[in-house]
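Residue-level structure breakdown
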Amino acid sequence: MAPSDEALVAMARLRHVVLYHPAELLDDHHRVSTMTNITRHLLLDLQNRSLGPPSDVAWRALWLALSDLGRGDVASAECRLASLPASAASLAPPLAWQPALLRARCACQAGRLEESSQMFAFLAEDYPLLAGTSAFRRLEASCRAPLAWYCDPDFP
């Protein structure tokens with residue numbers, strides 16, 4: 001399967017969170033974050049024209065934020081996530097934890113470790129099935145370790 005095909009399949013799966021385990025969905029986050037330039041440009045074109053219902057616009061913002069994060073552009077990812085309406089979860093209930101997770105990852109990559117740590121803690125409390133995945137624990141630990149080192153000079 002070509003990389004763009006993998007990203008397209010992953011995007012479809014992310015819209016159906018009740019059908020897949022959170023660990024699989026986190027793998028899909030990675031697949032979307034590595035989408036091809038062709039796929040990205042198609043999404044950007046659709047997003048710029050605001051085609052489709054509000055839920056489609058919200059999903060495209062999430063997918064493009066994943067792509068931004070995959071390219072190391074944290075500021076653009078945060079901007080896209082900020083553009084999601086407060087009602088995004090009601091427009092597309094499967095979006096519930098996904099933007100929150102991306103916001104936590106953005107805060108971590110931007111060096112806002114305490115903010116990131118708090119976001120991961122809220123996610124762990126609100127979404128125990130997600131928090132139980134090794135992928136989530138790795139993401140959380142990668143942000144917590146620098147915070148522990150920064151706050152505790154005796155941190156190994």
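Here's a quick rundown of the structure. Quantities reported herein were computed from a predicted structural model and do not represent experimental measurements.

1. Looking at unusual backbone geometry
- A positive phi angle is found at S50, which is not glycine, with a value near 50 degrees.
- Looking at where S50 falls in the secondary structure, it is placed in the loop between α3 (37-48) and α4 (54-70).
- For S50, a relative accessible area of 47% corresponds to the partly exposed category.

2. Concerning the pattern of salt bridges
- Evaluation of the coordinates by the stated rule reveals 9 salt bridges.
- In this structure, D28 and R13 form a salt bridge, with 2.6 Å as the shortest nitrogen-oxygen distance. With D28 in helix α2 (residues 22-33) and R13 in helix α1 (residues 3-14), the pair connects residues that are 15 residues apart, well separated along the chain.
- R13 sits in the buried class, given a relative accessible area of 18%.
- In this structure, the salt-bridge partner of D56 is R15, at a minimum N-O distance of 3.1 Å. Taken together, the positions of D56 in helix α4 and R15 in the loop between α1 and α2 put the pair 41 residues apart, joining distant regions of the chain.
- On the basis of relative accessibility, which here comes to 22%, the residue D56 falls in the partly exposed class.
- Residue R15 is classed as partly exposed on the basis of its relative accessible area, which comes to 28%.
- Each of R13, E24, D28 and R31 takes part in a single network of salt bridges with overlapping partners.

3. Some remarks on the state of the cysteines
- Per the stated rule, a full pass over the model turns up 1 disulfide.
- Here C108 engages in a disulfide with C143; their sulfurs sit 2.0 Å apart. Looking down the S-S bond of the C108 and C143 bridge, the torsion is -110 degrees, so its handedness is left-handed. Of this pair, C108 sits in helix α7 (residues 97-109) while C143 sits in helix α10 (residues 134-151), and the two are 35 residues apart along the sequence. Side by side, C108 and C143 carry an identical accessibility label, which is buried.

4. As for the nonpolar core
- In this structure, V32, W63 and F136 are the most contacted members of the largest nonpolar core, which totals 39 residues.
- Residue contributions to this core peak at 9 residues, all from α4.

Conventions adopted
- Numbering of residues starts from 1 in every chain and runs along the sequence as written.
- With the structure being a predicted model, the display of local features is reserved for residues of pLDDT at least 70 and the display and counting of side-chain atom pairs for 80 or more, all residues being used for whole-chain, interface and lining totals.
- Working from all heavy atoms in the structure, the side-chain values ignore hydrogens and water.
- Helix and strand definitions here come from DSSP, where helices need a minimum of 4 consecutive H or I residues and strands a minimum of 2 consecutive E residues; each element is numbered from the N-terminal end.
- Think of it in three bands: residues with accessible area under 20% of the maximum for their type are buried, residues over 50% are exposed, and the middle band is partly exposed, with areas taken using a 1.4 Å probe on protein chains only.
- Note on definitions: salt bridges are taken to be side-chain nitrogens of Lys or Arg within 4 Å of carboxyl oxygens of Asp or Glu.
- For this text, the term disulfide refers to a pair of cysteine sulfurs within 2.5 Å.
- Among buried residues, the Ala, Val, Leu, Ile, Met, Phe, Trp, Tyr and Cys ones that are joined through side-chain atoms within 4.5 Å form a nonpolar core.

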